[in-house]
Amino acid sequence: MGLRFFLIEDDPVVRKMLEKLIHESGLGEVVGCAEDGLNVRAADLLHVDVVLIDLLMPGRDGIQTMKALRQEGFRGTFIMISQVENKEMIGQAYLHGIDTYIQKPINRYEVLSVLKRVADHLSAVRSLESIRQVLKGLEPQTADTAVSKPSVMEQQAEQLLLLLGVAGEAGSADVLLVVRWLAEQEAKGQPVRELPPLKELYAELVEREYGLPPGETAKEARAMEQRIRRLVLQAFTHLASLGLTDYTNPTFEHFAPRLFDFGDIRRRMNELERGQMETECRMNVRKFLTAFFFELKRV
């Protein structure tokens, strides 16, 4: 079944061009258009799979529109279209929910390539979800198994760690503790927009999970900090390695600009190309953990 697209673009020529390309590609159909984001609501996108949205628009720009639609409950895919080359703005767009980016002026082959990758990704996600539902139906539902199972979000976190090449790292269990803490804050109606100082968070998690005396708590919190830092560094290098091998790798394309500063990823790719094992890039662990949690919420 073809995808359903919605276009939010203030240039009628670009809208017409995109509509024609989507029709000719055979990947789906355009089910709606808007010349700005002011009057678009999530209710208008109930059956939409992909929104192609301009970054700079009158009234409300693309990032503001995406944030509003996400808050209203839209869970589809966003593809950003713009001639803006400002890395900070593009990084903000990725942080707030775009899945990929198309540069203006519109290039037919780039658009078709991006749409095909997005269609393949959504098809794979739907297939996995179908498999999960089938397996779920086969599982015996007992009180004991319900208690022993990790939460759905923790299972998703384990899958994401596997995708990032760090599932076997010692810090993976610590990251799951952070994910659980963030989920609990949201369940209390206190969503975390920005993590507290990491040293304080680690100390709180250690005290809560292990019940150690003060001296041992501080020591274990420092150990947790080092384990998580090593995990983040490994994920950083893994993504850079994927990008060096294949710049269009979907894991690299999706996660590299979301979990890290893309300029640092590029520098790490250059280091790996030179055979440099150590990196001069600085890891923003706080950004990684926050973006990691937001990625889980998108699933």
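Residues numbered from 1 in each chain as written. Predicted model: local features only at pLDDT ≥ 70, side-chain atom pairs only at ≥ 80, totals over all residues. Heavy atoms only, no water.

In this section: the overall build of the protein chain. The number of helices and strands found in the protein chain is twelve helices and five strands. Relative to its 299 residues, the protein chain shows a buried fraction of 43%. Taking the intrachain contacts of the protein chain between residues at least 6 apart in sequence as the baseline, contacts between residues at least 24 apart amount to 64%. (Helix = DSSP H or I, 4+ residues; strand = E, 2+ residues; numbered from the N terminus. Buried < 20%, exposed > 50% of the residue type's maximum accessible area, 1.4 Å probe, protein only. Contact = heavy atoms within 4.5 Å.)

Residues annotated by UniProt as "modified residue: 4-aspartylphosphate" (unreviewed entry) correspond here to Asp54. Relative to the helices and strands, Asp54 resides in strand E3 (residues 50-54). Judged by its relative accessible area of 3%, Asp54 falls in the buried class. Discounting chain neighbours no more than four positions away, the residues touching Asp54 are Ile8, Glu9, Asp10, Gly62, Met80, Ile81, Ser82 and Lys104. (UniProt positions renumbered as here; feature names shortened; annotations may be inferred.)

Turning next to unusual backbone geometry. The omega torsion across Lys104 and Pro105 is 0°, close enough to zero to call that bond cis. With respect to the secondary-structure elements, Pro105 resides in the loop between strand E5 (98-103) and helix H4 (108-138).

The pairing of strands in a sheet happens through backbone hydrogen bonds and is either parallel or antiparallel. Spatial ordering of the open sheet is given by E2-E1-E3-E4-E5, a layout of five strands whose pairing is parallel. With one partner strand each, in any of the chains shown, strand E2 (28-34) and E5 form the two edges of the open sheet. Each strand of the sheet is rotated relative to its neighbour by a mean of 25°, with strand direction disregarded. Pairing analysis gives five bridges linking E3 to strand E4 (residues 77-82), with the strands arranged parallel. By the bridge assignment, Val51 is partnered in E4 with Phe78. (Pairing = 2+ DSSP bridges. Axes fitted to C-alpha atoms, helices over the stretch in contact; angles between N-to-C directions.)

Time to look at helix H6 (residues 152-163). Here H6 is twelve residues long and its end C-alpha atoms lie 17 Å apart, about the 16 Å a rise of 1.5 Å per residue gives. Among all positions in H6, only Glu154, Gln156, Ala157, Leu160 and Leu161 are buried. Buried residues of H6, seen end-on, are gathered within an arc of 155° and therefore sit on one face of the element. Away from the buried face of H6 by more than 90 degrees, exposed residues Val152 and Leu162 are located. Here the buried face of H6 lies against helix H7 (172-187), helix H9 (214-245), helix H10 (250-259) and helix H12 (285-298). Backbone geometry just after H6 places Gly165 at a positive phi near 75°. (Expected span 1.5 Å × (residues − 1). Arc of directions from axis to C-beta.)

Moving on, we get to the pattern of salt bridges. Taken as a whole, this structure holds 15 salt bridges when the rule is applied. One salt bridge in this structure joins Glu220 and Arg227, with 2.8 Å as the shortest N-O distance. Judged by relative accessible area, Glu220 falls into the partly exposed class, the value being 21%. One continuous salt-bridge network, built from bridges that share partners, spans Glu154, Arg180, Glu184, Arg208 and Glu209. (Salt bridge = Lys/Arg side-chain N within 4 Å of Asp/Glu carboxyl O.)

Among the secondary structure elements, Pro214 is positioned in helix H9. The exposure class of Pro214 is exposed, given its relative accessible area of 71%. Sequence spacing of Pro214 and Ala203 is eleven residues, and the spatial spacing of their C-alpha atoms is 9.4 Å.

Moving on, we come to the layout of surface pockets. Looking at the second largest pocket, its volume works out to about 820 Å³. Around the second largest pocket, the lining is made up of 25 residues, and of these Ile90, Tyr94, Tyr247, Pro257 and Phe262 lie nearest the centre. At the level of elements, helix H3 (87-95), E5, H4, H10 and helix H11 (262-273) are the ones that each hand at least two residues to the lining of the second largest pocket. The dominant element in the lining of the second largest pocket, judged by the number of residues it contributes, is H3, at seven residues. Classifying every residue of the lining of the second largest pocket gives ten nonpolar, six polar and nine charged. The residues that make up the lining of the second largest pocket include at least three from each of domain 1 (3-124) and domain 2 (152-297). (1 Å grid on protein atoms, 1.4 Å probe; cavity = no way out; pocket = protein on both sides within 12 Å on 5 of 7 lines; lining within 4 Å. Points joined across faces, edges and corners; volume = space filled by probe spheres on them. Nonpolar A, V, L, I, M, F, W, Y, C, P; charged D, E, K, R; others polar. Domains from an automatic or database assignment.)

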